[in-house]
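So you can see what is in the structure, the chains are spelled out below.
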Amino acid sequence: MRKIWISLNVFFWTFFLGIGSIISIKLSNNKNNFKYYSIKWSEMLIKTSGVQLEVKGKENIKDNKNYIFAPNHSSFMDFPVLFLAVDKYLVFVAKKELKKIPIFKSILSISGSIFVDRENTNDAIDSLDELKSDLKNTPRSVVVFPEGTRSNSNQLKRFKKGAAVLSINTGLPIIPVYIMGSFDWWNTKNFRKNSNKIIVNFGEPIITDDKQYKDRENITNSIKKEILKLQNDES
């Protein structure tokens, strides 16, 4: 019953505010308008889902800079908590399967997000190159889930190198992020406060200005090491 309630709210607020964001961006020709709608969408889902959000490490994020955020990923709620915790014009590198859902395809495309084929390396590289070019025209922060997909537990999966490659190509610093409680939130059967607390913990920026493509694996390892450190801090 709980998951049905959450799913209904996701559908309603995504449709209602998603349509609003599409109209606003098309009329103004300004993708930055997406921030307002993504924040409102997140606030409504957090409220109706009974989530208690706590943000740590916000001092590592400067208001006047954009970043590549590299968080662990274990439930749908990672999206709204990141929108609220980051509080910037924020887009995602999303899996191509989301293109099959018309409303998500429309919203993510017009907002400046991109879709990536996780099974096709060349296609993924082309998508990241496309994002790099668009970031020059419309600067923004980007979320790249290093695991590439949701984890089915609280354990980290193998990391892909997309965040490192995008950072090398754009010069944007990487912020490792550990999201605690998202997996437990989705799998709990009730709305108890203790089981609905989600913590977003931002690590220190990883700078890649002097790095090259050959360094992508070392950068990826640094991201995972920092997320594991943040995870241990919460244990």
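Residues numbered from 1 in each chain as written. Predicted model: local features only at pLDDT ≥ 70, side-chain atom pairs only at ≥ 80, totals over all residues. Heavy atoms only, no water.

A. Molecular detail of the overall build of the chain. Of regular secondary structure, the chain possesses eight helices and seven strands. Against the globule reference of 18 Å for 235 residues, the chain gives a C-alpha radius of gyration of 17 Å, in line with a compact fold. Summarising its shape, the C-alpha atoms of the chain cover approximately 50 × 45 × 35 Å along the three principal directions. Relative to its 235 residues, the chain shows a buried fraction of 51%. Look at the contacts in the chain between residues 6 or more apart in sequence, and 73% of them connect residues 24 or more apart. Total accessible area on the chain is roughly 12200 Å²; 51% of this is exposed by carbon and sulfur atoms. Side-chain charges of the chain comprise 36 positive and 24 negative groups, with the mean position of each set lying 5 Å from the other. (Helix = DSSP H or I, 4+ residues; strand = E, 2+ residues; numbered from the N terminus. Rg over C-alpha atoms; globule rule 2.2 N^0.38 Å. Buried < 20%, exposed > 50% of the residue type's maximum accessible area, 1.4 Å probe, protein only. Contact = heavy atoms within 4.5 Å. Areas by Shrake-Rupley, 256 points an atom, 1.4 Å probe, with all protein chains shown as cover. Lys, Arg positive; Asp, Glu negative; His and termini not counted. Charge placed at Lys NZ, Arg CZ, Asp CG, Glu CD.)

B. The environment of serine 7, seen in detail. By the element assignment, serine 7 lies in helix H1 (residues 2-28). Residue classification places serine 7 among the partly exposed positions, given a relative accessible area of 40%. In sequence terms serine 7 and leucine 45 are 38 residues apart; their C-alpha atoms lie 9.9 Å from each other.

C. Layout of helix H5 (residues 121-137). A rise of 1.5 Å per residue sets the reference length of H5, with its 17 residues, at 24 Å; its end C-alpha atoms lie 25 Å apart and thus fit the reference within 8%. Of all the residues in H5, the buried ones are Ala124, Ser127, Leu128, Leu131 and Leu135. Buried residues of H5 fall within an arc of 100 degrees about the axis and therefore sit on the same side. For H5, the exposed residues set more than 90 degrees away from the buried face come down to Asn122, Glu130, Lys136 and Asn137. On the buried face of H5, the contacting elements are strand S3 (90-95), strand S4 (114-116), strand S5 (141-143) and helix H6 (162-170). (Expected span 1.5 Å × (residues − 1). Arc of directions from axis to C-beta.)

D. Region of the structure containing the sheet that holds S3. Strand order in the open sheet formed by seven strands is S1-S7-S6-S2-S5-S3-S4, with mixed pairing between adjacent strands. Every other strand in the sheet has two partners, leaving strand S1 (52-56) and S4 as the edge strands with one partner each. Ignoring which end each strand starts from, the neighbouring axes of this sheet average 25 degrees apart. Of the strand pairs in this sheet, strand S6 (residues 174-180) and strand S7 (residues 197-202) are connected by four bridges, and their pairing is antiparallel. Note on S7: the bridge partner recorded for methionine 180 is isoleucine 199. Sheet strands in contact with helix H4 (residues 102-111) are S3 and S4, and its direction is about 115 degrees off that of S4. Strands S3, S4 and S5 of the sheet are contacted by H5, whose axis makes an angle of about 165 degrees with S4. (Pairing = 2+ DSSP bridges. Axes fitted to C-alpha atoms, helices over the stretch in contact; angles between N-to-C directions.)

E. Examining the nonpolar core more closely. Phe69, Leu82, Phe202 and Ile223 are the most contacted members of the largest nonpolar core, which totals 65 residues. Among all residues touching phenylalanine 69, those that are not within four sequence positions of it are Ile61, Val86, Leu90, Ser141, Val142, Val143, Val144, Ile175, Val177 and Phe202. (Core = buried A, V, L, I, M, F, W, Y, C linked by side-chain atoms within 4.5 Å.)

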